2 protein chains.
Amino acid sequence: MTDPRLTPLAAALPATVPFTGPEALERRLGRPFAARLGANESGWGPSPRAVEAMSRAARDAWMYGDPEVNDLRAAIAAHHGCDRAHVVVGEGIDGLLGLLVRLTVGPGTAVATSVGAYPTFNFHVAGFGGRLLTVPYRDDAANPEALMGLAQEAGARLVYIANPDNPMGGMHGPETIRRMVEAVPDGALLVLDEAYAELAPEGSLPEIDPADPRVIRFRTFSKAHGLAGLRVGYAVGPAPLVAAFDRVRNHFGLGRVAQAGALAAIGDRDWPREVAGRVAAAREEIGRAARAAGLRPLPSCTNFVAIDCGRDGAFARRVLEGLLARGVFVRMPGVAPLDRCIRVTAGPETAVAAFATALPEALEEAGPSD
Amino acid sequence: MTDPRLTPLAAALPATVPFTGPEALERRLGRPFAARLGANESGWGPSPRAVEAMSRAARDAWMYGDPEVNDLRAAIAAHHGCDRAHVVVGEGIDGLLGLLVRLTVGPGTAVATSVGAYPTFNFHVAGFGGRLLTVPYRDDAANPEALMGLAQEAGARLVYIANPDNPMGGMHGPETIRRMVEAVPDGALLVLDEAYAELAPEGSLPEIDPADPRVIRFRTFSKAHGLAGLRVGYAVGPAPLVAAFDRVRNHFGLGRVAQAGALAAIGDRDWPREVAGRVAAAREEIGRAARAAGLRPLPSCTNFVAIDCGRDGAFARRVLEGLLARGVFVRMPGVAPLDRCIRVTAGPETAVAAFATALPEALEEAGPSD
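Residues numbered from 1 in each chain as written. Chains lettered and ligands numbered in written order. Predicted model: local features only at pLDDT ≥ 70, side-chain atom pairs only at ≥ 80, totals over all residues. Heavy atoms only, no water.

A. Fine view of the overall build of chain A. What chain A contains, in helices and strands, is 13 helices and 12 strands. Expressed as lengths along the three principal axes of its C-alpha atoms, the size of chain A is roughly 55 × 50 × 50 Å. Counting all 370 residues of chain A, 64% fall into the buried class. Long-range pairs, those at least 24 residues apart, make up 73% of the contacts in chain A with a sequence separation of at least 6. Accessible surface computed for chain A: about 13,400 Å², of which carbon and sulfur atoms make up 52%. (Helix = DSSP H or I, 4+ residues; strand = E, 2+ residues; numbered from the N terminus. Buried < 20%, exposed > 50% of the residue type's maximum accessible area, 1.4 Å probe, protein only. Contact = heavy atoms within 4.5 Å. Areas by Shrake-Rupley, 256 points an atom, 1.4 Å probe, with all protein chains shown as cover.)

B. Representation of the UniProt feature "domain: Aminotransferase class I/classII large" (unreviewed entry) in chain A within the structure. Residues given the UniProt feature "domain: Aminotransferase class I/classII large" (unreviewed entry) here are residues 37-358 of chain A. Secondary structure content for residues 37-358 of chain A is 40% helix and 15% strand, and the end C-alpha separation is 13 Å. (UniProt positions renumbered as here; feature names shortened; annotations may be inferred.)

C. Representation of the interface of chain B and chain A within the structure. Contact with chain B, which involves 82 residues of that partner, is made by 82 residues of chain A. Here chain B and chain A share an interface that buries about 6,500 Å² over both sides, 59% of which is from carbon and sulfur atoms. Per-residue buried area on chain B facing chain A is highest for R5(B), W62(B) and R247(B); these three make up 15% of the total on that side. Counting every contact that joins chain B to chain A gives 6 salt bridges. Taken together, the connections running from chain B to chain A amount to 40 residue pairs in polar contact (both at pLDDT 80 or more). Contributing elements (two or more residues each) for the side of chain B that touches chain A: α1 (8-12), α2 (22-29), α3 (48-59), α5 (92-104), α6 (119-127), α9 (239-244) and α10 (256-267) of chain B. (Buried area = accessible area lost by both parts, 1.4 Å probe. Salt bridge = Lys/Arg side-chain N within 4 Å of Asp/Glu carboxyl O. Polar contact = N/O pair within 3.5 Å; in protein donor to acceptor, adjacent residues only side chain to side chain.)

D. Here's a closer look at the sheet that holds strand β2 (residues 87-90) of chain B. Residues and elements named next belong to chain B. Here we have 7 strands laid out as an open sheet, ordered β2-β8-β7-β6-β5-β3-β4, and mixed in their pairing. Single-partner strands in this sheet number two, and they are β2 and β4 (131-135). Taken over all neighbouring pairs, the strand axes of this sheet differ in orientation by 20° on average, direction set aside. Alignment of strand β3 (residues 110-114) against β4, held across 5 bridges, turns out to be parallel. Within β4, the position partnered with V111 by the bridge is L132. (Pairing = 2+ DSSP bridges. Axes fitted to C-alpha atoms, helices over the stretch in contact; angles between N-to-C directions.)

E. Inspection of the environment of G106(A) at higher detail. Checked against the element boundaries, G106(A) lands in the loop between α5 (92-104) and β3 (110-114). G106(A) gets classed as buried once you look at its relative accessible area, which sits at 13%. Distance from G106(A) to V125(A), taken between C-alpha atoms, is 8.7 Å for residues 19 residues apart in sequence. Ignoring anything within four residues of it in the chain, the contact list for G106(A) reads F128(A), G129(A), G130(A) and T7(B).

F. Representation of the pattern of salt bridges in the model. In the structure shown here, the tally under the stated rule is 45 salt bridges over all chains. Put simply, R256(B) and E23(A) hold a salt bridge, and the shortest N to O gap is 2.5 Å. Of this pair, R256(B) sits in helix α10 while E23(A) sits in helix α2 (residues 22-29), on two different chains. One exposure class covers both R256(B) and E23(A), and it is buried. Across the pair D94(B) and R231(B) runs a salt bridge whose closest N-O atoms are separated by 4.0 Å. On the criterion of sequence distance, the pair formed by D94(B) in helix α5 and R231(B) in the loop between β7 (215-220) and β8 (233-236) is long-range, its members being 137 residues apart.

G. Examining the packing of helix α4 (residues 70-80) of chain B against α10(B) more closely. Residue and element names in this part refer to chain B. Across the interface, α4 lies against α10 with an axial gap of 9 Å and an inter-helix angle of 25°. The orientation of α4 with respect to α10, classified from their angle, is roughly parallel. Here the hand of the crossing between α4 and α10 comes out left-handed. In this structure, α4 contributes D71, L72, A75, I76 and H79 to the contact, and α10 contributes Q259, A262, L263 and I266. For the contact of α4 with α10, the residue count by class is 6 nonpolar, 2 polar and 1 charged. (Parallel < 35°, antiparallel > 145°, perpendicular 65-115°, else oblique. Left-handed = near helix turned anticlockwise from the far one by under 90°. Nonpolar A, V, L, I, M, F, W, Y, C, P; charged D, E, K, R; others polar.)

H. Molecular detail of the side chain of N70(A). Within the secondary structure layout, N70(A) lies in helix α4 (residues 70-80). Those residues in contact with N70(A) that lie beyond four places of it in its chain are R84(A) and R27(B).

I. Focus on the domain arrangement of chain A. Residues and elements named next belong to chain A. Its domain assignment divides chain A into domain 1 (8-45 + 271-366) and domain 2 (48-267). Counting residues at the interface gives 31 residues for domain 1 and 31 residues for domain 2. Between the two partners, domain 1 and domain 2, sit 1 salt bridge. For the salt bridge of R340 with D140, the shortest nitrogen-to-oxygen distance reads 2.6 Å. Our count for the contact surface shared by domain 1 and domain 2 stands at 6 residue pairs in polar contact (both at pLDDT 80 or more). Breaking the side of domain 1 that touches domain 2 down by element, the ones donating at least two residues are α11 (270-292), β10 (304-308) and β12 (341-345). It is α11 that provides the largest number of residues to the side of domain 1 that touches domain 2, a total of 6 residues. (Domains from an automatic or database assignment.)

Below, the structure written as structure tokens:
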């Protein structure tokens, strides 16, 4: 039964959620996972400086966080070499994407993305009545030309791309992204989700003028910084657009503990680099395990590896179920042809070892290979 | 300059924010406040058990929080003696009010509240294009009959009341609230903001069936629990309405640290009671200081005292400015006739003492009494 007081838009929305959390799966399984490698969290944890800052802030948690997020915004602006007028901080990239969609998308507004790209963005577009238009991936990567062609043709307000890519793990070079920015149609905005930026190879990210009105970039403390459970993300973009977030955001939504943890994290330049090194080694290890099982790991610029299971989505799903049953939490892309893959987070050694042990068993259980 | 890609609704929204944070005032003053008594925070801090839980969770902050908020919802449901299908947890009452408004209010939808009631609720109603209709306070309290009369007449979808009241501090008894619930017109919903519930006198809160489709109650960990900086609030209401929040909420928005802190807080029955006792003593002390300065403190069922400065809003504003200049952060209601008062949080002894010292000086500076 639906509540009769919902708006027509809210009443028409599906009750589904973008992702099932590992805790819900654990409750169904009746035991905790041995390896938590499904949500692209950073198993090496946050910077010790961030842990200490959060512990200290816990005692001060009786005070609301600064609604202007002054110190953290200043630190982020300094990190990006721009003025803080270009920086908005919020409850993860998810929360900020929701606000951006709210600001720019109304009933019927066209929005362009890729088939199989980030479901939470689609969730927000649907949630505000937008019209989601898609192009397929090409060679397991978002197709910049097709995206921009569609945006032009459909008069899309937003064009979404994740770079590095989620769920496939590859990335487009700086020149390609720059060409995308140049191709943004009048009245449109490129939504550049760089959640995995800190894990990308040196020199692989585009230089973009924060004042460029054609693009807004999103970053997060959830991946390389190991603070997914703190929920802090930010966007860097043109000042008038960034200022507009103040019209709709939950001004006291970013608590004191969250601000303190993120501030300490961005102050520790070494930790994300150290994590990036461990991630690279873990990706190698996951690749080895995949190849040993006769599967093909895709190249990755992120903290996960998509593994091509070589058959269709139903087969990959059986492999994934086999891994879950063995206490190894992984996820997989939601739609074909990406869903021939499973997606494994680059985590600490013991977790990756548990995956490597479970994979051949799960594969065998999934059925004979062709 | 406004971004040209905003929706017509977003483009029409004011750039103002509901509240200026004390940190922004401190930056303007150039020094920290000696007494932080403006935001109705709990200066005695959170339960030591919550502090410990947050510190422990800080190390685990690399994991997203459970998007179903299972354990915390179960604890809240047990606390209220209801099923968890009646409980939704979110980023403070502010965040939940925003979601409720989004679910139920579209362009032109009528919403009823009181002149001078919670500005953040109004912010959300404006933010979704609702039509805000108001009735004045009567005797420094929301006027239930007038609110319900307006709701009936205007076909309001939502009717907002805070009980205990913010910013004046009084409350209506259980019978009055029950009569309000009975008077909710068809198709409307009573939005019962009980942020200060744990500080109200024993037996003063109404019993309401969580399944009653006419009302949704809001509670928070920001006041008696001393966790304003963690940002956790919840609503108890009819299951179909509660389920609808899943259609629009930021599913991973409530982090692991926040969930851990709130779970420990609700498990500590003694702390909010202990705090309520200290709050009552601090209220007395604030009342004494007000009377000693020739002012009238209003009765309070909350962790603050509204003090009638005896003249108009301009005068009270001067008193407030004098307090701020002396390092004492307090706030005041935004509109007449409530704005003849200043609002002082019941805090620890040293903070209240700083207020008591500054008040006569601020009063004298504010100008001759009539």
